[in-house]
Structure formats: structure tokens, C-alpha cells
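Coordinates in review
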Amino acid sequence: MPARTRGSGARAGGSVVSAQVRRGSLFQLIAIGTLIGGAVSAVALLIPWLPPSASKERDRIDFVFWFTTGICIAIFAVVAAVSVYSFMKFRARPDDDSDGPPIHGHTGLEIFWTAVPTVLVTAIAIVSAVVLSRNTSIPKNHLTVEVTAQQFAWSFRYPGQGDVTSTQLRLPLNEPVELELHALDVIHSFWVPEFGQKQDAVPGITTHLKITPSKLGTFPVICTELCGLGHALMRSQAIVMDPKGFKKWAADAKKGISGAGAGKAVYDNNGCGSCHTFTPAGSKGTVGPDLDKLPAEAKQAGKPLAEFTRESIVNPDAFIQRGYPPNVMPKTFGTLPKSQLDALVQYLTQSGKKGAK
Ligand code: CUA
């Protein structure tokens, strides 16, 4: 048997040398671990990975996120330190062809590295469960907003505020809100990054999401489920207002449902402008035909303007404008109440006449 060089020195030198070697190794391990842990912590903390929080739910989610990330950084630092130390210390010399020492495992070590992850994973599970339960519990007194998703627009209805509808999600500060999500055609998904949660809007069922806004401001509402040609444009805004401002907005909007602006309100609230250009409404969408050219299109189709406009809303594939694919415009607008449909047709034909000259 060739004499072993590695590992045998400490034993030969007695327990004093052994203790010194161990202390030295431990110091080196801790130094390497601190260095790696510090570098990884800097990457985690100094780069703004997430947009700033704007809801209480997001704050709790962030806590779970950082709790888990902290544990991961600690484990990574330990594993990386032992690896780096081993690479440096126990690397075989180029002329060393001997076998390594036979190792049969270490019961104490195995119990340790099974117990520690068990405790950590259990801790993460408990923290997550507490946050999940708090994020979904809704107090009795809360605002309800019905969210309707369709290709390719969001609309928000406030049943407690006289059925006011809006294409923007307006929320009062610090008040828990329950969103009831519906989809009219395909699956969409509601996401405000600053609120920290996503929820699918699925045809045929109602899904729920609780938000307690904690910061005033305007945040993007994003559709985060590929839902068709205009998916990337299916965006809106969440506007967090002070509670007084919210009440005033709701009261004003309630007055505006009927009256002269009704047609424009229907146009705005159904998100027509996200796909269509229509100068009187100030919309510049390009997914669907230019509504400023409605009179010319009616002529092409050989139909009176009002009849053509109504048919195009209710049965959009009856006449497809050249250059546009069929089956893109949702067939769901036929379900609008007759008064709203009339107001919309009138708005599109009357203001369209003026716009087109
Ligand atoms: Cu709706 Cu993507």
C-alpha cells in the first residue's frame, strides 16, 4: 500500500496541531461564506427586481419572498463556501494517481442535513399559509368591483355605486376591495404588478381577488394571459384615490350614465377605443377598422349607415373590411342593453358624419 499523504498529517502531529488546523479551516470557510453571501445579498438587495408595493397584500407576499430568499442565500453561501474550500484544499496534484479515502457516510451529518431543510421548508410553508389566508380573507364591509375581461379590453362595474362602469379601475385608498372577475370570450388574466397578485378571468365562472391599496397613484392593469391578436394592447389603469375623491368620482359618473354623453360612455366603457380609431372619442386603436371611415364602409357594403353600424357591432363578421381578418371582433356586444346599443350607434354615426365630412 502506498503511504497516504493527504489527511494523515494532523493525526501524526497530535491533537494540538489538529485543533489548530480545524480552527484555521473553519476561519477560511467562514471568510469564503461571508464573501459569497455578501455578494449574493448585494445582487438581491441592490437591484430593484420588483416594482414598489402599492397594496397590503403585496407587502405580505414580499415578506414571504424575502423570507424565502434569505434562507436561499444562507444555504447557497454555506454550500458554495464548502465547495470553493474543497476545490482549493483537496485538489489532487497532477502526479497524484492514488485513490481517495474510502468514506462510508456520516450519520450525524446526514441527520443534520435532513433536519435543517425539513425545519426550513416547514417554516416557509407556515409563513406562506398565514399570508395566503390573510390575503384572501375579506371583511364584511368591503367594496365590490365586477371586472369584465373581453378581447381586448377591461371594464369595471361598481354595483354598490349605482352600477357605474369605467374602463379604469378606480379604488379608494386603504379600503379592502373584492374584485369579481368574469370573461366574455376566452381566458384573460388580471395583473397589477404593484398589487402583487394575478387572477385569471375565465368564461363561465367567477373568480375573486382581494386588494387593499396602500399607496395613491396610477398603476398599470395588464392582461397576462395570451388571449388573441390584441393581447399586448389589453391594458388599463388602476387609479388609487383618496376615499373622498373616489366618492365624488362615483357620484359624478352616476350622473353621466344617462344624458347626452351616453353614447361616448358606452364606447369608452366597452373598450372600443383599444381596437378602433375614432377621432371624436380621441381613440387611436389599429387592431380593427378605422371608425372615422364608417360612412365610406357603409357605402362599400351597400347599406344605410345606421343599419351597417348596428350590424357591424352585433354581427361583426357580416361584412369584413378589406385588410382585416375575420373572427377578431368579439361577438359579445350584441348582449348590450338596447338603450346602450342605440346610444352607441347614434354616437358612431352622428359624430362619424362630422368627422368624415
Ligand atoms: Cu386578455 Cu391577454
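Residues numbered from 1 in each chain as written. Predicted model: local features only at pLDDT ≥ 70, side-chain atom pairs only at ≥ 80, totals over all residues.

This next bit is on the overall build of the chain. When its secondary structure is counted, the chain shows nine helices and twelve strands. If one aligns the C-alpha atoms of the chain with their principal axes, the spans along those axes are about 105 × 50 × 35 Å. Across the 357 residues of the chain, 24% fall into the buried class. For the chain, the share of sequence-separated contacts (at least 6 apart) that also reach a separation of at least 24 residues comes to 69%. (Helix = DSSP H or I, 4+ residues; strand = E, 2+ residues; numbered from the N terminus. Buried ≥ 20, exposed ≤ 12 C-beta atoms within 10 Å, placed from the backbone. Contact = placed C-beta atoms within 7 Å.)

In space, the five strands of this open sheet follow the order β3-β2-β1-β5-β8, with mixed pairing throughout. Of all the strands in the sheet, the pair left with one neighbour each is β3 (164–166) and β8 (207–211). Each neighbouring strand pair of the sheet contributes to a mean axis angle of 25°, computed without reference to strand direction. In the sheet, strand β1 (residues 143–150) pairs with strand β5 (residues 177–183) via seven bridges, with the strands oriented parallel. If you follow V145 over to β5, its bridge partner there is L179. (Pairing = 2+ DSSP bridges. Axes fitted to C-alpha atoms, helices over the stretch in contact; angles between N-to-C directions.)

All right, on to helix α6 (residues 262–269) then. A large share of α6 lies buried, amounting to six of its eight residues. Within the sequence span of α6, burial applies to G263, A265, V266, Y267, D268 and N269. Of the residues one or two after α6, G271 is the one with positive phi, at around 70°.

On to the environment of V345. Residue placement: V345 occurs in helix α9 (residues 338–356). Residue classification places V345 among the buried positions, given that 22 C-beta atoms sit within 10 Å. In sequence terms V345 and E311 are 34 residues apart; their C-alpha atoms lie 9.8 Å from each other. Excluding residues within four positions of it along the chain, V345 makes contact with A306, T309 and R310.

Let us now look at the nonpolar core. Core analysis: the biggest nonpolar cluster contains 44 residues, and V147, A149, L179, L181, F190, A238 and L344 have the highest contact counts within it. If you tally residues by element for this core, the top one is α9, at five residues. If we skip the residues at most four places from it in the chain, L344 touches G263, V266, Y267 and I313. (Core = buried A, V, L, I, M, F, W, Y, C linked by C-beta atoms within 7 Å.)

Turning to the packing of helix α3 (residues 56–89) against helix α4 (residues 107–136), a few remarks are in order. At a closest axis distance of 9 Å, the pairing of α3 and α4 adopts a crossing angle of 175°. When the axis of α3 is compared with that of α4, the two are roughly antiparallel. Judged by residue contacts, E57, R60, I61, F63, V64, F67, T68 and I71 of α3 engage L120, I124, V127, S128, V131, R134 and N135 from α4. (Parallel < 35°, antiparallel > 145°, perpendicular 65-115°, else oblique.)

Turning our eyes to something else, we now look at α4. Compared with an ideal rise of 1.5 Å per residue, which puts 30 residues at 44 Å, α4 spans 44 Å between its outermost C-alpha atoms and is within 8% of the ideal. Where burial is concerned, little of α4 is hidden: one out of the 30 residues are buried. (Expected span 1.5 Å × (residues − 1).)

As a further point, take the domain arrangement of the chain. Domain assignment breaks the chain into domain 1 (22–88 + 109–137), domain 2 (143–248) and domain 3 (259–356). Look at where the C-alpha atoms of domain 1 and domain 2 centre, and you get two points 34 Å apart. Of the residues lining the interface, eleven residues belong to domain 1; the matching set on domain 2 comes to 14 residues. When residues of the side of domain 1 that touches domain 2 are traced back to their parent elements, those giving at least two are α3 and α4. At four residues, α3 tops the list of elements feeding residues into the side of domain 1 that touches domain 2. (Domains from an automatic or database assignment.)

Bridge analysis of strand β6 (residues 188–192) against strand β9 (residues 217–223) gives two bridges, and the strand direction is antiparallel. Bridge pairing links F190 to C223 in β9. Alignment of β9 against strand β10 (residues 235–241), held across six bridges, turns out to be antiparallel. When the bridges of β10 are listed, V221 appears paired with S236.

With that out of the way, let us pick up the packing of helix α7 (residues 294–301) against helix α8 (residues 305–314). Their axes nearest at 9 Å, the elements α7 and α8 cross at an angle of 95°. If you check the angle between α7 and α8, you find them roughly perpendicular. Across the interface between the two elements, L294, P295, A298 and A301 from α7 touch L305, F308 and T309 from α8. For the contact of α7 with α8, the class distribution of residues is six nonpolar, one polar and no charged. (Nonpolar A, V, L, I, M, F, W, Y, C, P; charged D, E, K, R; others polar.)

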